[in-house]
Amino acid sequence: MDNRPIGVFDSGLGGLSVWRSLREALPCESLLYLGDGKNCPYGSRSADEIRRFSVEAVRCLLDNGCKLIVVACNTATAVAVKYLREMYADIQFVGLEPAVKPACLTTRSGVVGVLATARSLEGELFLRTSSLYADKVKILKAVGEGFVEAVENNAEDSHETETLVRRVLEPMLDAGADRIVLGCTHYPFLRTLMERIIGSRDVEVLDSGAAVARRTALLLEQSGLCADEGHTAEYVFMTFADEDYRRRLEGKAFAKEKTEL
Ligand code: DGL
């Protein structure tokens, strides 16, 4: 048994969508969340920069006693998880992969839309997974321009954000997509808005939160790292930005209403 926290990191607030899934699935596990905040967004940065930020984040989480790391960022996973696994060979990492596989296996229209950052869409993982289904499913991909900034600014409900989301979502819906994959951990905070745009169409929006929580649970069990049953979980939030941002992380983690997933 091991009551040390699970470390969770993202460029900013987005990984809290994964944090929520972890908290729900693993109520006895303490979670230490690091939302970089200072270098966000990662999505359009160079691979070298993203790797450097990821190493800094992992170092900070390990210095603070974490037993396993969830890379709650598709972009950091696409660019840096291989490198992190080599660098910290004795630490278990759980990465984020867009839910392309479940979307392709369940689509009825044969058209799937994938929304992610530029770096994630170029990533080896995404290209490999999508090529597996390329002969049967048409995969439409688009960068959610401005989505990360909208979530970082708590502007999920604004008209400007709605315009941004319509701009990428509507062409996918018009092309017949019946599965929309959220390949960036910030995007689940825009799910309510997306579902409003989708309206009565028979379209499912998929994120990776629950699958990541299941994978984390399995790894904890296999490695003998589970917390005691009945352990009271503690939730701590850290950032490379300032105290105000740290408080925003905490607030958004527990917030209901408009940002509820
Ligand atoms: N939330 C992250 C992701 O899943 C990063 C977004 C960003 O910082 O650009 O890709």
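Residues numbered from 1 in each chain as written. Predicted model: local features only at pLDDT ≥ 70, side-chain atom pairs only at ≥ 80, totals over all residues. Heavy atoms only, no water.

**A look at the packing of helix 1 (residues 16-25) against helix 10 (residues 209-222)**
Taken N-terminus to C-terminus, the directions of helix 1 and helix 10 make an angle of 50°; their axes are 8 Å apart at the nearest point. In terms of orientation, helix 1 lies oblique with respect to helix 10. The chirality of how helix 1 crosses helix 10 is right-handed. In this structure, helix 1 uses Val18, Ser21, Leu22 and Ala25 to contact helix 10, whose residues at the interface are Gly209, Ala210, Val212, Ala213 and Thr216. Of the residues assigned to the contact of helix 1 with helix 10, the class counts are six nonpolar, three polar and no charged. (Axes fitted to C-alpha atoms, helices over the stretch in contact; angles between N-to-C directions. Helix = DSSP H or I, 4+ residues; strand = E, 2+ residues; numbered from the N terminus. Parallel < 35°, antiparallel > 145°, perpendicular 65-115°, else oblique. Left-handed = near helix turned anticlockwise from the far one by under 90°. Contact = heavy atoms within 4.5 Å. Nonpolar A, V, L, I, M, F, W, Y, C, P; charged D, E, K, R; others polar.)

**Side note on the nonpolar core**
Core analysis: the largest hydrophobic core is formed by 50 residues, its most contacted members being Leu16, Val70, Leu115 and Ile180. Ranked by residue count, the leading element in this core is helix 8 (residues 159-174), at five residues. Not counting chain neighbours up to four residues away, the residues in contact with Ile180 comprise Gly113, Leu115, Leu169, Met172, Leu173, Val203, Glu204, Val205 and Leu206. Formed by 23 residues, the second largest nonpolar core is a distinct cluster that contains Leu61, Ala80, Val81 and Ile91. (Core = buried A, V, L, I, M, F, W, Y, C linked by side-chain atoms within 4.5 Å. Buried < 20%, exposed > 50% of the residue type's maximum accessible area, 1.4 Å probe, protein only.)

**Quick word on helix 10**
Taking 1.5 Å as the rise per residue, helix 10 with 14 residues should run 20 Å; its terminal C-alpha atoms sit 20 Å apart, in good agreement. Among the residues making up helix 10, those that are buried are Gly209, Val212, Ala213, Thr216, Leu219 and Leu220. Projected onto a plane normal to the axis of helix 10, the buried residues spread over an arc of 130° and lie on a single side. Residues of helix 10 that are exposed and angled more than 90 degrees away from the buried face: Arg214, Glu221 and Gln222. At the C-terminal side of helix 10, Gly224 shows a positive phi close to 65°. (Expected span 1.5 Å × (residues − 1). Arc of directions from axis to C-beta.)

**Quick word on unusual backbone geometry**
Note on backbone geometry: most residues besides glycine have negative phi, and most peptide bonds are trans. Pro41 follows Cys40 through a cis peptide bond whose omega is 0°. The topology assignment puts Pro41 in the loop between strand 2 (31-35) and helix 2 (47-63). One non-glycine residue, Asn154, adopts positive backbone phi at about 55°. Counting through the fold element by element, Asn154 comes out in the loop between helix 7 (147-152) and helix 8. Accessibility expressed as a relative area gives 35% for Asn154, which makes it partly exposed.

**Quick look at the site of the ligand**
Neighbouring the ligand are 13 residues, the closest being Ser11, Tyr42, Gly43, Thr75 and His186. Within the contact set of the ligand, a nitrogen atom lies 3.0 Å away from a side-chain nitrogen or oxygen of Asp10. Note that an oxygen atom of the ligand is positioned 2.7 Å from one of the backbone N or O atoms of Tyr42. Calculation on the ligand without its partners gives an accessible area of 300 Å², and the protein chains cover 99% of this total. In terms of residue class, the shell around the ligand is built from five nonpolar, seven polar and one charged. (Near = heavy atom within 4 Å. Polar contact = N/O pair within 3.5 Å; in protein donor to acceptor, adjacent residues only side chain to side chain. Areas by Shrake-Rupley, 256 points an atom, 1.4 Å probe, with all protein chains shown as cover.)

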